[in-house]
Amino acid sequence: MKYSPSGKVLLLAATGWEASPLARSLGLRPTRPGQYEGRVRSRNVLLLQTGIGPEAAARALGQVSASRAPTGFSMAVSTGFAGALQPELRPGDLIADLPDPDCAAYPALAPAAAQAGLRLRLGRIAHSDTVLDRPEQKRALGAASQALAVDMETAALRSWAQAYGLPALGLRLILDRLEDGLPGAVPEDAKLFALLGYLSAHLLQFPLLARLGLRTRRLMPRYGLFLSDFLSSLNVSDAITSEAH
């Protein structure tokens, strides 16, 4: 199935903690619940907030397929945060999981990461169906998979994109170190009502959530700058040609 090299770039983000600040950084406007659209310099972009986990991501992507032709996209990018699976990684490291080691997206990645002050690492993003909230869980997955990071949505995006022959990249920012514990669940939205509801049920996990929130506020502006530079400098048609061969 053919896709358009000049079409929109689809960005996927799981939560409001990720999607809302990214939309502001990229100058995207809400067009319907969970969707933001606009132009990033010369690039048309759709940012999709899916919800947490592979099933939520698959549902949201299915709605995109039903409402517009996926062949109108040029590429799909899994954005947002990920957990470290290797001890040398630290918050703010940018993990690039490319569909091909010779992917022509790489020349656009390195300058954009440097401009934003992010350390770029090429490697695999592993999948988990659940939040790995204990360090020993992350150590076990890191040892078994040799992946750099883990998230819960990139695999669903790759599966969806593969059905349409669409290039799919994982560009995730490390939020939690290998040794960091995590809340067993997190609110999907940063709005006050969602936060109060979460805290009423998970009061003992507030310190963990607060730490993640502070890191998010510190890292997201640089991540937004990276994505803006990356999207505007990426030659999508070249990237597609490289991957097709």
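Every chain is numbered on its own, with residues counted from 1 as its sequence reads. Given that this is a predicted model, residues contribute local features only at a pLDDT of at least 70 and side-chain atom pairs are listed and counted only at 80 or more, while totals for whole chains, interfaces and linings are drawn from all residues. Excluded from the side-chain calculation are hydrogens and water; included are all heavy atoms of the structure.

For our purposes a nonpolar core is just a set of buried Ala, Val, Leu, Ile, Met, Phe, Trp, Tyr and Cys residues, chained together by side-chain atoms within 4.5 Å. Throughout, exposure labels follow a simple rule: accessible area from a 1.4 Å probe, protein chains only, divided by the maximum for the residue type, with under 20% read as buried, over 50% as exposed, and the rest as partly exposed. Counting residues in hydrophobic clusters, the biggest one holds 40 residues, and the most contacted among them are L11, L28, L47, L171, Y223, F226 and F230. A run of H or I in DSSP becomes a helix once it reaches four residues, and a run of E becomes a strand once it reaches two; helices and strands are each numbered from the N terminus. For this core, the element with the most residues is helix α7 (residues 206–233), which contributes eight residues. Residue contacts for F226: discarding those within four places in its chain leaves L94, L109, A112, A113, A116, L118 and L171. Any two residues whose heavy atoms approach within 4.5 Å are treated as being in contact.

Along the polypeptide, P33 turns up in the loop between β2 (29–32) and β3 (35–40). Separated by 16 residues in sequence, P33 and Q49 place their C-alpha atoms 8.6 Å apart.

Next up on the list: the packing of helix α2 (residues 54–67) against helix α5 (residues 154–163). Here, axes are lines fitted to C-alpha atoms. For helices the fit covers the stretch in contact, and angles between N-to-C directions go from 0 to 180 degrees. Relative to each other, α2 and α5 sit at 30°, their axes nearing to 8 Å. α5 is crossed by α2, and the crossing has right-handed handedness. For the pair formed by α2 and α5, the contact residues are P54, A57, A58, L61, V64 and S65 on the first element and A156, L157 and W160 on the second. It is the rotation of the near helix from the far one that decides the hand of a crossing: anticlockwise by less than a right angle makes it left-handed, clockwise makes it right-handed.

Before going further, it helps to spend a moment on the pairing of strand β1 (residues 8–13). When you tally the buried positions in β1, you get five out of six residues, the bulk of the element. Strand direction decides the pairing type here: β1 and strand β5 (residues 73–78), joined by five bridges, are parallel. Across the sheet, L12 pairs through a bridge with S78, a residue of β5. Note: β1 against strand β4 (residues 43–49), five bridges, orientation parallel. Counterpart to V9 in the pairing with β4 is V45. Pairing between strands is defined by DSSP: at least two bridges between them are needed.

By definition here, a salt bridge exists when the distance from a side-chain nitrogen of Lys or Arg to a carboxyl oxygen of Asp or Glu is within 4 Å. Counted under the stated rule, the structure contains eleven salt bridges. When the shortest N-O distance is used, the salt bridge between K138 and D176 registers 2.7 Å. Pair noted here: K138 is in helix α4 (residues 135–145) and D176 is in strand β11 (residues 168–176), with a separation of 38 residues, a long-range link. Each member of the pair, K138 as well as D176, is classed as buried.

A few words now on the confidence of the model for the protein chain. Per-residue confidence for the protein chain gives a mean pLDDT of 85, with 80% of residues at or over 70. Note: pLDDT gives the predictor's confidence per residue, expressed from 0 to 100. This stretch, residues 236–245, has a pLDDT under 50; its non-local contacts, to residues over four places away or in other chains, come to 19 contacts.

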